[in-house]
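In case you want the letters, here they are:
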Amino acid sequence: METIREKGAGFRSLAEDIDTTTPAGRLVFHVFASIAQFERERIAERTKEGLAAARKRGRIGGRPPALSHERRVEVQRMRDQEGRSVAELARLFQVSPNTIRRA
């Protein structure tokens, strides 16, 4: 809105009857913008609270791991002790090379 005002123009919403070329219109616009910002922040807070409550109940979000703990140990052994290549292990375990590197 500042950019529009600096260029000598105003904003007029036909649906909400807001006209930023008047002091009252600017006030209403800023009030609406403040309420919208408040709502965005409340949504973020509620989301964080919900995730924390889910964690307390033992729920873990995100994608499940591509390799089980046993397969991960096997990948590490084959890579480090047998010297197998990342590409070979990725084909063998049917995962991406990055998954092998992270193991």
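Residues numbered from 1 in each chain as written. Predicted model: local features only at pLDDT ≥ 70, side-chain atom pairs only at ≥ 80, totals over all residues. Heavy atoms only, no water.

### Examining the overall build of the protein chain
Helices and strands together make up the secondary structure of the protein chain, namely 5 helices and 2 strands. For the protein chain, the N- to C-terminal ordering of α and β elements is α-β-β-α-α-α-α. In summary, the protein chain has a C-alpha radius of gyration of 27 Å against a globular reference of 13 Å for 103 residues, an excess of more than 25%. Judged by the C-alpha coordinates and their principal axes, the protein chain covers about 75 × 40 × 20 Å. Across the 103 residues of the protein chain, 15% fall into the buried class. In the protein chain, of all internal contacts separated by at least 6 residues, the share reaching a separation of at least 24 is 24%. (Helix = DSSP H or I, 4+ residues; strand = E, 2+ residues; numbered from the N terminus. Rg over C-alpha atoms; globule rule 2.2 N^0.38 Å. Buried < 20%, exposed > 50% of the residue type's maximum accessible area, 1.4 Å probe, protein only. Contact = heavy atoms within 4.5 Å.)

### Some details on the confidence of the model for the protein chain
Across the protein chain, pLDDT averages 89, with 99% of residues at or above 70. At the low end of the mean pLDDT range in the protein chain sits helix α1 (residues 2-6), at 75; at the high end sits helix α4 (residues 86-93), at 94. (pLDDT = per-residue confidence, 0-100.)

### Some thoughts on a nonpolar patch on the surface
Side chains of L27, V28, V31, F32 and I35 sit close together on the surface and give an oily, nonpolar patch of about 430 Å² of accessible area. Tracing the backbone shows V28 in helix α2 (residues 23-56). (Patch = residues over 30% accessible without salt bridge, like charges linked within 9 Å, V, L, I, M, F, W, Y side chains within 5 Å. Areas by Shrake-Rupley, 256 points an atom, 1.4 Å probe, with all protein chains shown as cover. Salt bridge = Lys/Arg side-chain N within 4 Å of Asp/Glu carboxyl O.)

### Observations concerning the layout of surface pockets
What the largest pocket holds in volume is close to 210 Å³. Around the largest pocket, the lining residues are R63, P64, P65, A66, L67, S68, H69, R72, T99, R102 and A103. When contributions to the lining of the largest pocket are tallied by element, the ones reaching two or more residues are α3 (69-80) and α5 (97-102). Its residues placed into classes, the lining of the largest pocket shows 5 nonpolar, 3 polar and 3 charged. (1 Å grid on protein atoms, 1.4 Å probe; cavity = no way out; pocket = protein on both sides within 12 Å on 5 of 7 lines; lining within 4 Å. Points joined across faces, edges and corners; volume = space filled by probe spheres on them. Nonpolar A, V, L, I, M, F, W, Y, C, P; charged D, E, K, R; others polar.)

### Here's the deal with the environment of N98
Tracing the chain through its elements places N98 in helix α5. Taking the relative accessible area as the measure of exposure, N98 reaches 45% and is therefore partly exposed. Along the backbone, N98 and P65 are 33 residues apart, and their C-alpha atoms lie at a distance of 13 Å. A distance of 2.8 Å separates polar atoms of two side chains, one belonging to N98 and the other to R101. (Polar contact = N/O pair within 3.5 Å; in protein donor to acceptor, adjacent residues only side chain to side chain.)

### Some thoughts on the nonpolar core
Counting residues in each nonpolar core, the largest one holds 9 residues, listed as L67, V75, M78, L89, A90, F93, V95, I100 and A103. Mapped onto this core, the elements with two or more residues apiece are α3 and α4. The element contributing the most residues to this core is α4, with 3 residues. Not counting residues up to four positions away in its chain, the partners in contact with M78 are G83, R84, L89, L92 and F93. (Core = buried A, V, L, I, M, F, W, Y, C linked by side-chain atoms within 4.5 Å.)

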